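Chain by chain, the residues run as shown.
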Amino acid sequence: MSESTPVIDVTGLTKSFGKFRALNGLDLTVTRGEVHGFLGPNGAGKSTTIRVLLGLLKADEGQVSLLGGDPWKDVVALHRRLAYVPGDVSLWPGMTGGEAIDLLGALRGSLDEARRQELVERFELDTTKRGRQYSKGNKQKVALVAALASDAELLILDEPTSGLDPLMEQVFQDTIQEAKDRGVTVLLSSHIMSEVETLTDRISIIREGSIVRTGTLDDLRTDTRSTITATLARTPDAALLAALDDVTLSGHDLTATVEPSQVGDAMALLTQYGLSDLAVQPASLEKLFLELYDQATR
C-alpha cells in the first residue's frame, strides 16, 4: 500500500436488508493521516457503512478497499492494523478493565506500554474494577485506552465519547490530535458537532445511504451565510437594512446575515454609521449540517 493510496476507498457501495436499501451507491474516501468526520442522523447509513468496513457485513454491490485490502476477505489481517470503538461498549463481566485492555491489545499484536499507562492516568480509569462494575462512561474509557495505546494505523470511532463527561471529552480530543500527529488515520462518526468541528480535516455528510457533501469545513461553509453583530453610533437607514439579510435591530445593536463573499462590503457599509464593535461568525458546523441536510432533502 503506497502513501498515496487512500486508507478507505469506497465506490458505489450498496447494501439492502430485504426491501430496505440502507446504502445507495455510497462513495467515501479517507486519505492517510487525516481525521475524517462522518455525519448523518440516525438511520442515514453510518453504522451500516462502518459494519461493511469492519467486515461484519458483506456489500451487495460496489468496491470497498480498507488499508489496501478487502474488509470481507482480509478481515483477520486488517483487524490487526485497525482499532474500533463503538458507542456502546460491552466488556467481559468478570474481567478487570486492565485485563480487557491487554486482551484487546494482544488481538492487535501488542500495546505501547508507556502510552497505555499514560492514557489510563489521563482518562482517570481504575483498571482494577471488573466489567460488571463499570459505568457506561468507564466502559468507553477502557475501549479508548485499548485503541489509542495500540499501534493501529486506522481508528474507526462510532460515537466514541458517549457517556464521557466534558473533562474526559477534552482528554479524548487531545489524544486524537496526538494520534494524528503519529500518522494515524481516523474515521470519526459523532453527534457532538463541536468535537467534529475541532478534530476533523474533512467531513462527509450521509443522507439515506448516500454521501451528499464532502469537503473541509471551509468548503462546506461556502454555501452558508455568516452572522454579523455590530454596535453602531447612529441608527442605520433603510438603504443599509436593505443590503443585509435577517436584520435584527435593538437600539444601536445590529445583527444580520450575509454571504461569505459579501462580508467586506457589509463592513464598509456599517463603518459609515460609526461602527464601535463588530463580530463576524461563520456558520457553526451544527447550523451548516442542518442547512445542508435540509437542502439535500429538498
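What you are looking at is a predicted structure, and each value in this text was computed from that prediction instead of being measured.

Some thoughts on the overall build of the chain
Within the chain, the secondary structure is distributed over 11 helices and 13 strands. Expressed along its principal axes, the backbone C-alpha trace of the chain runs to roughly 70 × 45 × 35 Å. Buried positions account for 45% of the 298 residues belonging to the chain. Excluding contacts between residues fewer than 6 apart, the proportion of contacts in the chain whose partners are at least 24 apart in sequence is 69%. Total accessible area on the chain stands at roughly 14100 Å², and carbon and sulfur atoms take up 49% of it. Measuring between centres, the 30 positive side-chain charges of the chain sit 8 Å from its 43 negative side-chain charges.

Comments concerning the domain arrangement of the chain
For the chain, the assigned domains are domain 1 (8–220) and domain 2 (225–282). Between domain 1 and domain 2, the C-alpha centre-to-centre distance is 42 Å.

Looking at unusual backbone geometry
Backbone geometry at Leu67 places phi at a positive 55°, although glycine is not the residue there. Relative to the helices and strands, Leu67 resides in the loop between strand S4 (61–66) and helix H2 (75–79). Relative accessible area serves as the criterion here: at 3%, Leu67 is assigned to the buried category. In this model, Glu124 sits at a positive phi of 50°, which is unusual for a non-glycine residue. Tracing the chain through its elements places Glu124 in the loop between helix H4 (113–122) and helix H5 (136–148).

Some points on the sheet that holds strand S2 (residues 20–30)
One open sheet accounts for three strands, arranged S2-S1-S4; its pairing is antiparallel. Here the strands that pair on one side only, and so sit at the sheet edges, are S2 and S4. For this sheet, the mean inter-axis angle between neighbouring strands, taken without regard to orientation, is 25°. Packed on one face of the sheet, helix H1 (residues 46–53) meets strand S1 (8–17), S2 and S4 and runs near 65° to S2.

Regarding the pattern of salt bridges
Close approach of charged atoms allows side chains with opposite charge to pair. Within the structure shown, the criterion is met by 11 salt bridges. A salt bridge links Lys15 to Asp60; its shortest N-O distance comes to 3.6 Å. Placement of Lys15 in strand S1 and of Asp60 in the loop between H1 and S4 is noted, with a sequence separation of 45 residues between them. Accessibility expressed as a relative area gives 11% for Lys15, which makes it buried.

Description of the pairing of strand S10 (residues 226–232)
Alternating positions in S10 separate cleanly, Ser226, Ile228, Ala230 and Leu232 being buried on one face and Thr227, Thr229 and Thr231 remaining unburied on the opposite face. Across six bridges, the pairing between S10 and strand S12 (residues 253–258) is antiparallel. Residue pairing in the sheet places Thr227 in a bridge with Thr257 of S12. Where S10 meets strand S13 (residues 275–281), six bridges bridge the pair, whose relative direction is antiparallel. What sits directly across from Thr227, in S13, is Gln281.

Some details on the pairing of strand S8 (residues 202–207)
Judged by how many residues are buried, S8 sits mostly within the fold: five of six residues are covered. Across four bridges, the pairing between strand S3 (residues 35–39) and S8 is parallel. Its bridge partner lying in S8, Phe38 is registered against Ser204. One ladder, built from five bridges, connects S8 with strand S9 (residues 210–215); its direction is antiparallel. Counterpart to Ile206 in the pairing with S9 is Ile211. With antiparallel pairing between neighbouring strands as the criterion, S8 and S9 make up a hairpin whose turn holds two residues, including Glu208 at a positive phi of roughly 50°.

Notes on the sheet that holds S10
Backbone-to-backbone hydrogen bonds pair the strands of a sheet. The strands run either parallel or antiparallel. If you walk across this open sheet you meet the four strands as S11-S12-S10-S13, and the pairing is antiparallel. The sheet is open, and its two borders are formed by strand S11 (245–250) and S13, each paired with just one other strand. Adjacent strand axes in the sheet meet at a mean angle of 15° when their direction is disregarded. One ladder, built from four bridges, connects S11 with S12; its direction is antiparallel. Pairing of Thr248 across the sheet is with Thr255, part of S12.

Observations regarding helix H6 (residues 166–181)
Three or four residues apart is the spacing at which side chains of an α-helix point the same way, because the helix has 3.6 residues per turn. Relative to the 22 Å expected for 16 residues at 1.5 Å per residue, H6 spans 23 Å between its end C-alpha atoms, a close match to the ideal helical length. Where H6 is concerned, the buried positions are Met168, Glu169, Val171, Phe172, Gln173, Thr175, Ile176 and Ala179. Contacts made by the buried residues of H6 are with S3, H4, H5, strand S6 (154–158), strand S7 (185–189) and helix H7 (193–199). At the C-terminal side of H6, Gly183 shows a positive phi close to 95°.

Criteria and cut-off values
Residues numbered from 1 in each chain as written. Predicted model: local features only at pLDDT ≥ 70, side-chain atom pairs only at ≥ 80, totals over all residues. Heavy atoms only, no water. Helix = DSSP H or I, 4+ residues; strand = E, 2+ residues; numbered from the N terminus. Buried < 20%, exposed > 50% of the residue type's maximum accessible area, 1.4 Å probe, protein only. Contact = heavy atoms within 4.5 Å. Areas by Shrake-Rupley, 256 points an atom, 1.4 Å probe, with all protein chains shown as cover. Lys, Arg positive; Asp, Glu negative; His and termini not counted. Charge placed at Lys NZ, Arg CZ, Asp CG, Glu CD. Domains from an automatic or database assignment. Pairing = 2+ DSSP bridges. Axes fitted to C-alpha atoms, helices over the stretch in contact; angles between N-to-C directions. Salt bridge = Lys/Arg side-chain N within 4 Å of Asp/Glu carboxyl O. Expected span 1.5 Å × (residues − 1).

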